[in-house]
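Understanding the architecture of this molecule
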Amino acid sequence: MDFDDALDRRSILMSMAAGSALLATPAAAAAPARGAAKGSFPKGFLWGASSAGHQTEGNNVSSDLWVVENMKPSPFRERSGDACDSYHRWDEDVALVKALGLNAYRFSIEWSRIEPEEGHFSLAELDHYRRCIAACRDAGIFPNVTLNHFSSPRWFAARGAWNKPDAPELFARYADRVSKHMGDLIGMAVPFNEPNAPLVVKWSPDMQSATGQPMDIASMSAPLMKLAAKKVGSDEFSSFLFSDPKVAVPAMIRAHELAMAALKAGPGKFPVGAIVSIGDDQAVDGGEAKVAQKRQEVYAQWLEAAGRSDFLGVQGYTRYLIGPEGPRKAGKDAQFTKSKWEYYPAAIGNIVRYAASQVKVPIYVTENGISTDDDAQRIAYINGALAGLKNAMDEGADVRGYFHWTLLDNWEWNEGFHQRFGLVDVDRTNFKRTIKPSGRHLGTIAKRNAI
Ligand code: BGC
């Protein structure tokens, strides 16, 4: 079955299953028409916000990252704690997506809640996520579900995670449970968020650790994982963000394929894709060969996996200058965002152009955004990013949706709560959500389906 058939069949099934409310689901029920009028996006284009369980739900206590963030020393500036309390405020978050005027929501479900101990699946947690997805459906919001957004169960880490030969099967078993329990409601899915993330960090000169030092994941990882192993009383502890890509990538590619098969074998007929984190890599002073090397090392295997899936999700925020010797710091005149990445809204258009040259499957932008305290700067970034994206589409890139990172100001990994990528502010003393002007701005564009 091809991608468009899958979407058509899914929407028919959904309508039959749940009545007229679902007929109103905007989703890409049919392939969007190409070559829409200037400034307009194709009919059926998905406009969404993205989020992740561990960054927003709070108290993800059975996860590997909970262990790591509660160690001393920890690579994370502060613990995720209650995060945005989205685990309990799920309805509010869906209502916010709707209030903004978006028609899609990308979020992750937490493996460590669904399978808190190896082989023990929690019916209550499966029901919880089913309710979350159903809430999207009821609100006319297309649910885009990620099965693993960096965090895994603590037991999985304690047995060596992706270093163990049966890890892909364990992940596929979880995917199978999800598929059977809520597959009929899922709109689209990916097994992994940015499975190439550790490789991306390796090539990023500006990533900083909690202490402000450049991130050197390879040398940081061994002592951290040793400490975590001691904390949980295991011989071996391995967590994706600190894993060795040489081992993790092949295992996760197999896990992706097995999970995709499991998701497709269930009651839902939704597309399953692969997400790749991609930078706008620009060669300077003859750095073309280095750019090619980076693309080969960091993206190629996952782009191939996406090519064998139903769609590619691209995630990109900025550009990287690459000379013949490797990545360079941004130039003196560069402007920086709060996360110290170069302010470069045009990046996503270039990223999509590159992605479209590599795969034949439809593309979604599953993350793009900016950390800033200046919301007017976020509005300008959104305008620049969407103009670049639209140009790439006019040149022929088959892009079916744009998901902004992120819905809520949330827990940003090593940076803790210090970064502000959200379209919505969260008061952490009472979890009160307040929509920012940038959220309304993106929503207006979404409702118009045009820039
Ligand atoms: C990740 C998000 C993260 C965002 C901003 C992406 O790489 O998927 O979880 O918060 O970038 O750093």
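Residues numbered from 1 in each chain as written. Predicted model: local features only at pLDDT ≥ 70, side-chain atom pairs only at ≥ 80, totals over all residues. Heavy atoms only, no water.

The name an unreviewed UniProt entry assigns to the protein chain is beta-glucosidase, from the organism Sphingobium quisquiliarum P25.

Things to note about the sheet that holds strand β6 (residues 280-283)
With mixed pairing, the 3 strands of this open sheet are ordered in space as β6-β8-β9. Edge positions in the sheet fall to β6 and β9 (326-328), since each of these pairs with one other strand and no more. Taking the axes of each pair of neighbouring strands and ignoring which way they run, one obtains an average angle of 45 degrees across the sheet. Across 3 bridges, the pairing between strand β8 (residues 319-323) and β9 is antiparallel. From the neighbouring strand, Leu321 faces β9, where its bridge partner is Arg328. (Pairing = 2+ DSSP bridges. Helix = DSSP H or I, 4+ residues; strand = E, 2+ residues; numbered from the N terminus. Axes fitted to C-alpha atoms, helices over the stretch in contact; angles between N-to-C directions.)

Description of the environment of Ile114
By secondary structure assignment, the location of Ile114 is in helix α6 (residues 111-114). Separated by 63 residues in the primary sequence, Ile114 and Arg177 have C-alpha atoms spaced 9.0 Å apart. When sequence neighbours within four positions are dropped, the list of residues in contact with Ile114 reads Ile109, His120, Phe121, Ser122, Glu125, Leu126, Tyr129, Tyr174 and Val178. (Contact = heavy atoms within 4.5 Å.)

Digging into the UniProt feature "active site" (unreviewed entry) in the protein chain
The feature "active site" (unreviewed entry), as given by UniProt, occupies Glu367 in the numbering adopted here. Within the fold, Glu367 resides in strand β10 (residues 363-367). With residues near it in sequence (within four places) discarded, Glu367 still touches Ser50, Arg106, His149, Asn193, Glu194, Val314, Gln315, Gly316, Tyr317, Ile348, Phe403 and Trp405. At a separation of 3.0 Å, a polar atom in the side chain of Glu367 contacts the side chain of Arg106. (UniProt positions renumbered as here; feature names shortened; annotations may be inferred. Polar contact = N/O pair within 3.5 Å; in protein donor to acceptor, adjacent residues only side chain to side chain.)

Points about the nonpolar core
If you look at the biggest cluster of nonpolar residues, it comprises 125 residues, and the most contacted ones within it are Trp47, Ile109, Trp162, Leu312 and Leu389. Here the element with the most residues in this core is helix α12 (residues 245-265); it accounts for 10 residues. If near-sequence neighbours (up to four positions away) are discounted, Trp47 is found in contact with Phe41, Leu102, Asn103, Ala104, Leu386, Tyr402, Leu442, Ile445, Ala446 and Asn449. Membership of the second largest hydrophobic core comes to 9 residues, among which are Leu46, Ala104, Ile275 and Phe403. (Core = buried A, V, L, I, M, F, W, Y, C linked by side-chain atoms within 4.5 Å. Buried < 20%, exposed > 50% of the residue type's maximum accessible area, 1.4 Å probe, protein only.)

Quick notes on the packing of helix α14 (residues 347-358) against helix α15 (residues 375-394)
At their nearest, the axes of α14 and α15 sit 7 Å apart, and the two run at 25 degrees to each other. In terms of their interaxial angle, α14 and α15 are classed as roughly parallel. In the packing of α14 onto α15, the handedness of the crossing is right-handed. Within the contact between the two elements, α14 uses Ile348, Gly349, Val352 and Arg353 and α15 uses Ala385, Gly388, Leu389, Asn391 and Ala392. Among the residues forming the contact of α14 with α15, the class breakdown is 5 nonpolar, 3 polar and 1 charged. (Parallel < 35°, antiparallel > 145°, perpendicular 65-115°, else oblique. Left-handed = near helix turned anticlockwise from the far one by under 90°. Nonpolar A, V, L, I, M, F, W, Y, C, P; charged D, E, K, R; others polar.)

Considerations on the site of the ligand
As a structural note, the neighbourhood of the ligand is formed by Gln55, His149, Asn193, Glu194, Gln315, Tyr317, Trp341, Glu367, Trp405, Glu412, Trp413 and Phe421. Here Asn193 contributes a side-chain N or O atom positioned 2.9 Å from an oxygen atom of the ligand. With respect to the ligand, the side chain of Glu412 contributes an N or O atom lying 2.5 Å from an oxygen atom. Taking 310 Å² as the accessible area of the ligand by itself, protein coverage stands at 92%. In terms of residue class, the shell around the ligand is built from 5 nonpolar, 4 polar and 3 charged. (Near = heavy atom within 4 Å. Areas by Shrake-Rupley, 256 points an atom, 1.4 Å probe, with all protein chains shown as cover.)

Thoughts on the state of the cysteines
Scanning all chains against the criterion turns up 0 disulfides. For Cys136, which is in no disulfide, the shortest distance to another cysteine sulfur is to Cys132 and amounts to 7.6 Å. Assessed through its relative accessible area of 0%, Cys136 is described here as buried. (Disulfide = S-S within 2.5 Å.)

A short note on the sheet that holds β10
Across the sheet, 8 strands lie side by side as β4-β3-β2-β1-β11-β10-β7-β5; this open sheet has parallel pairing. Of all the strands in the sheet, the pair left with one neighbour each is β4 (188-192) and β5 (273-277). Neighbour to neighbour, the strand axes of the sheet diverge by 20 degrees on average, direction disregarded. Of the strands in this sheet, β4, β5 and β7 (311-315) are in contact with helix α13 (residues 288-307), which crosses β5 at around 160 degrees.

Notes on the environment of Ala265
Relative to the assigned elements, Ala265 resides in helix α12. Under the relative-accessibility criterion, Ala265 is labelled exposed at 65%. Remark: the alpha-carbon pair of Ala265 and Ser179, spanning 86 residues in sequence, is separated by 7.7 Å.

Some remarks on the packing of aromatic side chains
In this structure the tally under the stated criterion is 28 aromatic pairs. Residues Trp90 and Phe107 carry aromatic rings whose centres are separated by 4.8 Å and whose planes lie at 65 degrees to one another, so their mutual orientation is edge-to-face. Here the residue Trp90 occupies a position in helix α5 (residues 90-100), and Phe107 occupies one in strand β2 (residues 104-108), the gap between them amounting to 17 residues. Both rings, one in Trp162 and one in Phe192, keep their centres 5.6 Å apart while their planes meet at 80 degrees; by these two values the pair is edge-to-face. Separated by 30 residues along the polypeptide, Trp162 in the loop between α8 (154-158) and α9 (167-182) and Phe192 in strand β4 bring together distant segments of the chain. One aromatic cluster is present, formed by Trp111, Trp155, Phe156, Trp162, Phe171, Tyr174 and Phe192 through successive ring pairs. For the cation-ring pair, Arg177 lies above Phe121, with the distance from its terminal atom to the ring centre recorded as 4.2 Å. (Phe/Tyr/Trp six-rings, centres within 6.5 Å; stacked < 30°, edge-to-face > 60°. Lys NZ or Arg CZ within 6 Å of the ring centre and 35° of its normal.)

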